[in-house]
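Residues per chain, in single letters:
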Amino acid sequence: MGKWLGRSGQGVIVAGMCLLGLAGCNSAGGLTSPDVTNAPAAGFVEIKPGSEEEFIMNVGRRVYFSKGSSVVSDEAKQTLQNQAKWLKDNRKWLVKVQGHADDPGSEAAQKTLSTKRADAVVAELVKLGVPSQRVWAKGYGVERPVTDCDDVACQSQNRRVVVNLREEYDDSAPQAR
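Attention in this report is confined to the structure presented alongside it.

Cut-off values and rules
Residues numbered from 1 in each chain as written. Predicted model: local features only at pLDDT ≥ 70, side-chain atom pairs only at ≥ 80, totals over all residues. Heavy atoms only, no water. Helix = DSSP H or I, 4+ residues; strand = E, 2+ residues; numbered from the N terminus. Buried < 20%, exposed > 50% of the residue type's maximum accessible area, 1.4 Å probe, protein only. Contact = heavy atoms within 4.5 Å. Areas by Shrake-Rupley, 256 points an atom, 1.4 Å probe, with all protein chains shown as cover. Expected span 1.5 Å × (residues − 1). Pairing = 2+ DSSP bridges. Axes fitted to C-alpha atoms, helices over the stretch in contact; angles between N-to-C directions.

Glancing now at the overall build of the protein chain. A count of helical and extended segments in the protein chain gives five helices and six strands. Looking at the 177 residues of the protein chain, the share that counts as buried comes to 37%. Long-range contacts, defined here as pairs at least 24 residues apart, represent 65% of the contacts in the protein chain between residues at least 6 apart. On the protein chain, roughly 10,600 Å² of surface is accessible, and the fraction owed to carbon and sulfur atoms is 51%.

With that settled, consider helix 4 (residues 107-127). With 21 residues, helix 4 extends 30 Å between its outermost C-alpha atoms, agreeing within 8% with the 30 Å of an ideal straight helix rising 1.5 Å per residue. When we look at burial in helix 4, the residues that qualify are Q110, L113, S114, R117, A118, A120, V121, V122, E124 and L125. Those residues of helix 4 that are buried lie in contact with strand 3 (62-64), helix 3 (74-89), strand 4 (94-99), strand 5 (135-139) and strand 6 (160-166). Following helix 4 by one or two positions, G129 adopts a phi angle in the positive range, close to 105°.

Pairing in this open sheet of four strands is mixed, and the strands run 3-6-4-5 from one edge to the other. The sheet is open, and its two edges are formed by strand 3 and strand 5, each paired on a single side. With strand direction ignored, the average angle separating the axes of adjacent strands in the sheet is 20°. As defined by bridge partners, strand 4 adjoins strand 6 across six bridges and the pair is classed as antiparallel. Residue pairing for strand 6: V97 is matched across the bridge by V163. Along the sheet face, helix 4 touches strand 3, strand 4, strand 5 and strand 6 and points at about 165° away from the line of strand 5.

Below you can see the structure in the form of structure tokens.
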């Protein structure tokens, strides 16, 4: 089946799997190991057109903002143009636009800023042709940081809007009321 690669017996199992064709494997010098370099990413093996995975991997769902700002940058507009095109082609999806902040100020100020950011993205998507009844915004302020750190570059990751696909409206959607 192959040579022994360790005390735990994993080498024998991997070698056996390779010989049986159950795993992509490399071999060098008579040793056999899994081919992890060329292995597909877990969860993204077969990305189907119109799927949430396609949106995340090929379009992108995040746009970032300058400190203290809710102005959509030129770079963000390019991402939003790609999102709008995809959303117009894939009409089954509803869109929850989630605003976030990590800027100086009170918690209430951060909630207001994150809502303004989300509203700015909604306005841009609607301007680009996404029907307004499919899109809603919610600001989370500092409630859901990507990362918690003091470094300026790290904090800027929290100054974002995330465009999330939904199959139905949630409680934050005015369309659901």
